[in-house]
Amino acid sequence: MTNDSSLTPEQEQRLLESYRTLRDLAETCTVPAVFAALRGALAELRVALDGQAVDLDDYYRPVGAGPVA
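**Q** What is the right way to look at the environment of V54 in this model?
**A** In this structure, V54 sits in the segment after α2 (32–51). Given a relative accessible area of 5%, V54 falls into the buried group. Linking V54 and E12, residues 42 residues apart in sequence, is a C-alpha distance of 7.6 Å. Excluding its chain neighbours within four sequence positions, the residues that come into contact with V54 are L7, E12, L16 and L49.

**Q** Looking at this structure, how should I read helix α1 (residues 9–28)?
**A** With 20 residues, α1 should reach 28 Å at 1.5 Å per residue; the first-to-last C-alpha distance of 29 Å fits that figure. Where α1 is concerned, the buried positions are L16, Y19, R23 and A26. Axial view of α1: buried residues confined to an arc of 85 degrees, hence all on one face. Exposed residues lying more than 90 degrees from the buried face of α1 are E10, R14 and T28. Structurally, α1 contributes buried residues whose contacts are with α2.

**Q** Where do I start with the packing of α1 against α2 in this structure?
**A** For any two helices packed against each other, one specifies the inter-axial angle together with the distance between the axes. Orientation of α1 relative to α2, taken along the N-to-C sense of each, is 155 degrees, at an axis distance of 9 Å. Judged by the inter-axis angle, α1 sits roughly antiparallel to α2. Considering only the axes of α1 and α2, their crossing is left-handed. Here α1 contributes L15, L16, Y19, L22, R23, L25 and A26 to the contact with α2, which in turn contributes F35, L38, A41, L42, L45, R46 and L49. Partitioning the contact of α1 with α2 into residue classes produces twelve nonpolar, no polar and two charged.

**Q** Hey, could you run me through the pattern of salt bridges in this one?
**A** Once the charged atoms of two side chains with opposite charge are near each other, the side chains can pair. Taken as a whole and judged by the stated rule, the model has one salt bridge. A salt bridge links D24 to R23, with the shortest nitrogen-to-oxygen separation between them at 3.8 Å. Accessibility expressed as a relative area gives 6% for R23, which makes it buried.

**Q** Sorry, what's going on with the nonpolar core here?
**A** Side chains that are nonpolar tend, in soluble globular proteins, to be buried together. L16, Y19, A26, L38, L42, L45, L49, V54 and L56 form the largest nonpolar core, which has nine residues in total. Listing elements by their share of this core, those giving two or more residues are α1 and α2. The element that contributes the greatest number of residues to this core is α2, accounting for four residues.

Thresholds, definitions, all that
- Residues numbered from 1 in each chain as written.
- Predicted model: local features only at pLDDT ≥ 70, side-chain atom pairs only at ≥ 80, totals over all residues.
- Heavy atoms only, no water.
- Helix = DSSP H or I, 4+ residues; strand = E, 2+ residues; numbered from the N terminus.
- Buried < 20%, exposed > 50% of the residue type's maximum accessible area, 1.4 Å probe, protein only.
- Contact = heavy atoms within 4.5 Å.
- Expected span 1.5 Å × (residues − 1).
- Arc of directions from axis to C-beta.
- Axes fitted to C-alpha atoms, helices over the stretch in contact; angles between N-to-C directions.
- Parallel < 35°, antiparallel > 145°, perpendicular 65-115°, else oblique.
- Left-handed = near helix turned anticlockwise from the far one by under 90°.
- Nonpolar A, V, L, I, M, F, W, Y, C, P; charged D, E, K, R; others polar.
- Salt bridge = Lys/Arg side-chain N within 4 Å of Asp/Glu carboxyl O.
- Core = buried A, V, L, I, M, F, W, Y, C linked by side-chain atoms within 4.5 Å.

The following block contains the structure:
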């Protein structure tokens, strides 16, 4: 099955903003269940964006890696 749909630039930007927000929340979250859910959501979002050929290199920072230099 092929997927002929793609993200609009606005959708891509909103998803990248959401990714950054989730990542920032995970950086400060001390509740284990919520932290695990955030990590799972980030992983799912990375997979979905990668499938749409969205370059996450500028946005990807493993949780706990500290601020972007």
